[in-house]
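A look at the structure
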Amino acid sequence: MNKGKIEKNFTDKNDIERINFYTRRNLSEDEVYTFNLILCDNEVDRDFERFSLDTLNALCELFRGKTGIFDHSMKSGDQKARIYHTFVEKQEGKKTACGDDLYRLKAKAYMLRSEGNAELIGEIEAGIKKEVSVSCSVERSICSICNKDNKLERCNHIAGRMYGGKLCYKTLEGAKDAYEFSFVAVPAQREAGVTKAFKNKEDINLSEIINTVKGCEKDIELSKSQVKELASYIEGLEENAKLSVPAGY
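About the cut-offs
- Here the residue numbering is sequential within each chain, running from 1 through the sequence in written order.
- Where local features are concerned, this predicted model is filtered to residues with pLDDT of at least 70; where side-chain atom pairs are given and counted, the filter is 80 or more; whole-chain, interface and lining totals use all residues.
- As a rule here, side-chain values cover all heavy atoms of the structure and leave hydrogens and water aside.
- When DSSP finds two or more bridges between a pair of strands, those strands are recorded as paired.
- Each helix is a run of DSSP H or I of at least 4 residues and each strand a run of E of at least 2, with the numbering of both proceeding from the N terminus.
- What is meant by a nonpolar core is a set of buried Ala, Val, Leu, Ile, Met, Phe, Trp, Tyr and Cys residues, joined one to another through side-chain atoms within 4.5 Å.
- For every residue, the accessible area obtained with a 1.4 Å probe (protein chains only) is divided by the maximum for its type, and the residue is called buried under 20%, exposed over 50%, and partly exposed between those limits.
- We call two N or O atoms a polar contact when they sit within 3.5 Å, provided that within protein one can donate a hydrogen and the other can accept it, with sequence-adjacent residues counted only if both atoms are side-chain atoms.
- Any two of the Phe, Tyr and Trp rings considered here, Trp counted by its six-membered ring, make a pair once their centres fall within 6.5 Å; the pair's planes then place it as stacked at under 30 degrees, edge-to-face at over 60, or tilted in between.
- Within a predicted model, pLDDT stands for the predictor's per-residue confidence, ranging from 0 to 100.
- Contacts: residue pairs with any heavy atoms within 4.5 Å of one another.
- This arc is built from the directions going out from the helix axis to the C-beta atoms.

1. Some words on the pairing of strand β4 (residues 67-70)
Consecutive side chains along a regular strand alternate between the two faces of the sheet. Direction of pairing for β4 relative to strand β5 (residues 81-95): antiparallel, over a ladder of 2 bridges. The residue of β5 that forms the bridge with G68 is A81.

2. Some words on the nonpolar core
F35, L37, L39, F63 and F181 are the most contacted members of the largest nonpolar core, which totals 28 residues. Elements that contribute at least two residues to this core include exactly β2 (32-41), α2 (53-62), β5, β6 (101-112), α3 (118-125), β7 (132-143) and β10 (170-183). Counting 6 residues, the second largest nonpolar core, distinct from the first, contains I16, I19, L27 and Y84.

3. Side note on the side chain of K170
The topology assignment puts K170 in strand β10. Within the structure, the side chain of K170 is placed 2.8 Å from the side chain of N150, a separation counted as a polar contact.

4. Notes on the packing of aromatic side chains
In total, this model carries 6 aromatic pairs according to the counting rule given. For the ring pair F181 and F183, a centre distance of 5.8 Å and an interplane angle of 70 degrees mean the geometry is edge-to-face. Per residue, the accessibility class of F181 equals that of F183, and both read buried. Of the aromatic side chains, those joined through ring pairs into one cluster are Y33, F35, F70, F181 and F183.

5. Describing the confidence of the model for the chain
Parts of the model with low pLDDT should not have their predicted coordinates read in detail. Looking at the chain as a whole, its pLDDT mean stands at 80, while 70% of the residues score no less than 70. When mean pLDDT is taken per element in the chain, α2 scores highest with 97 and strand β1 (residues 5-7) scores lowest with 57. Overall, residues 190-204 carries pLDDT values under 50, and its contacts beyond four positions in sequence, including any with other chains, amount to 28 contacts. With pLDDT under 50 throughout, residues 243-249 is counted as low confidence; its partners more than four residues away or in other chains account for 0 contacts.

6. Considering α3
Those residues of α3 not exposed but buried are L120, I121 and I124. Buried positions in α3, seen along its axis, are confined to an arc of 100 degrees and lie on one side of it. Turned more than 90 degrees away from the buried face of α3 sit E119 and E125, all of them exposed. Immediately beyond the C-terminal end of α3, within one or two residues, lies G127, with a positive phi of roughly 80 degrees.

Below, the structure is given as structure tokens:
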């Protein structure tokens, strides 16, 4: 799940106490650099998924104490920061594409002011490193068209398509766990300070994906957008096959 951005730094008198809850020794304010994050919200994102407000509230508790890394790498050497405070905040006067009040899950994170972190801190201050993505798991993925839980059964509706004038998207419900946040180039949510355009469907070269799959001799990795494009293509083939079956079969 990728969703969020870094905001301007702020501190209050409780910050160092919250930070020291996660440290082995008490750190001073001069030893730490803090910054704010928008982790995710309840808006429909580029993957045509959205968190429910209940899920945001549950993730608020789960993300507290989680680590900050790069590009969802699982290497301990890529750990650079840690979340020490989280809260859900209503965005007054703003609505989601679904017509709901817009809520954002925000966080505060800290890292050591060290020689090794100096470059990253400089990039955050300069606005170069400002997009982040989150990784978490949920129990249910509810289709906006038929209300089926796609975690249990796959429906025939394709996220991002219109059905009777209504957009198909998946609402993520029942937060199970939160793993980390990552510094990334392109997060999923459009309203999360994105500075680089995400590929449109037309930009994805399906023939290249298919040729790669056909010719692979070892394990390969596909992005989420590539997997969705392949799934959409396969479903289209299945629909065409049904239409081609002669009557009586």
